[in-house]
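Listed here are the chains, written in short residue letters.
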Amino acid sequence: MRSNDTEDAPPYWAYSWAGGTLLARHILNHPDIVRGRRVLDLGAGSGIVGIAVRKCGASRVLAAEIDTNAIAAISLNAEANGVVIEVTSGDVLAGAPPDVDVIVAGDVFYDAQMAARVLPFLLASRKAGIDVLIGDPRRKALPLAALRLVAEYAVPDFGDGSTGQGSIGGVFTLVDPD
């Protein structure tokens, strides 16, 4: 409880944010995207996308998450769903493209500062031959000029503090770099 007797809000990763929900739904509808492939779940939160990816037959899932409580949640949620997900707490955005076939990134364009870090990493990864899927409800910092829409779904977005009424969100891929 805070000093004004209101409850603390749950941590950001405890919500099913729209982008992650969009990606999980899309991958469950199209499991061939990840079947037999190595996947990085960027900004994994509680692990919902990584779990869907693993259940659809990915050979390996590496979840990148910096929050220690979220990392614990990923492990618990993976175990509860009967899958194995590796986790890294390192700053993957600062390094070279990872040794994976696919990157799934839900809700990583939530503000301009994060977008400025994420987009160059994803572009470099795509240039290295890695497929990239992004789930987002079309937040303000989403770089639409660099993306191609793959699918649209109606989805509530609890992670932004809304009432969960829902909106149309998208699954995007990067426009191939020149």
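Anything mentioned here points back to the structure above.
What counts and what doesn't
Residues numbered from 1 in each chain as written. Predicted model: local features only at pLDDT ≥ 70, side-chain atom pairs only at ≥ 80, totals over all residues. Heavy atoms only, no water. Core = buried A, V, L, I, M, F, W, Y, C linked by side-chain atoms within 4.5 Å. Buried < 20%, exposed > 50% of the residue type's maximum accessible area, 1.4 Å probe, protein only. Helix = DSSP H or I, 4+ residues; strand = E, 2+ residues; numbered from the N terminus. Contact = heavy atoms within 4.5 Å. Pairing = 2+ DSSP bridges. Right-handed = clockwise from strand over helix to strand, strands pointing away. Axes fitted to C-alpha atoms, helices over the stretch in contact; angles between N-to-C directions. Expected span 1.5 Å × (residues − 1). Arc of directions from axis to C-beta. Polar contact = N/O pair within 3.5 Å; in protein donor to acceptor, adjacent residues only side chain to side chain.

1. Description of the nonpolar core
1) Next: Judged by nonpolar contacts, the single largest core of 25 residues is most densely connected at I27, V34, V39, V53, I85, V104 and V171.
2) Next: Of all the elements in the fold, those that place two or more residues in this core are α1 (18–29), α2 (48–55), β2 (60–64), α3 (68–80), β4 (102–106) and β6 (147–155).
3) Next: When sequence neighbours within four positions are dropped, the list of residues in contact with I27 reads V34, V49, A52, V53, C56 and V104.

2. Describing the pairing of strand β5 (residues 131–136)
1) Next: Counting buried residues in β5 gives five out of six residues, a clear majority hidden from the surface.
2) Next: In this sheet, β5 lies alongside β4 in parallel orientation, the contact comprising five bridges. In the strand pairing of β5, A105 is matched with I134.
3) Next: With respect to chirality, the unit in which β4 leads through helix α4 (residues 112–127) into the neighbouring parallel β5 is right-handed.
4) Next: Bridge count for β5 against strand β7 (residues 167–174) is three bridges, and the pairing is antiparallel. By the bridge assignment, I134 is partnered in β7 with F172.

3. Focus: unusual backbone geometry
1) Next: In the Ramachandran plot, D107 falls in the positive-phi region, its phi being about 60° despite a non-glycine side chain.
2) Next: Its location among the elements puts D107 in the loop between β4 and α4.
3) Next: For D107, a relative accessible area of 8% gives the class buried.

4. Describing the sheet that holds β4
Consider a sheet: its strands pair through backbone hydrogen bonds, and that pairing is either parallel or antiparallel.
1) Next: If you walk across this open sheet you meet the seven strands as β3-β2-β1-β4-β5-β7-β6, and the pairing is mixed. Across the chains shown, the open sheet's two edge strands, defined by having one partner strand only, are β3 (86–88) and β6. Direction aside, neighbouring strands of the sheet carry axes that sit 20° apart on average.

5. Observations regarding α3
1) Next: End to end, α3 covers 19 Å across 13 residues, agreeing with the expected 18 Å (1.5 Å per residue, within 8%).
2) Next: Of all the positions in α3, only A70, I71, A73, I74 and A78 are classed as buried. Buried positions in α3, seen along its axis, are confined to an arc of 160° and lie on one side of it. Opposite the buried face of α3, by more than 90 degrees, sit the exposed residues T68, N69, L76, E79 and A80.
3) Next: Lining the buried residues of α3 we find α2, β2 and β3.
4) Next: At the N-terminal boundary of α3, the capping side chain belongs to D67, with an oxygen 2.9 Å from the backbone nitrogen of N69.
5) Next: Immediately downstream of α3, the backbone of G82 shows phi near 70°, a positive value.

Just geometry here; none of it tells us what the structure is for.
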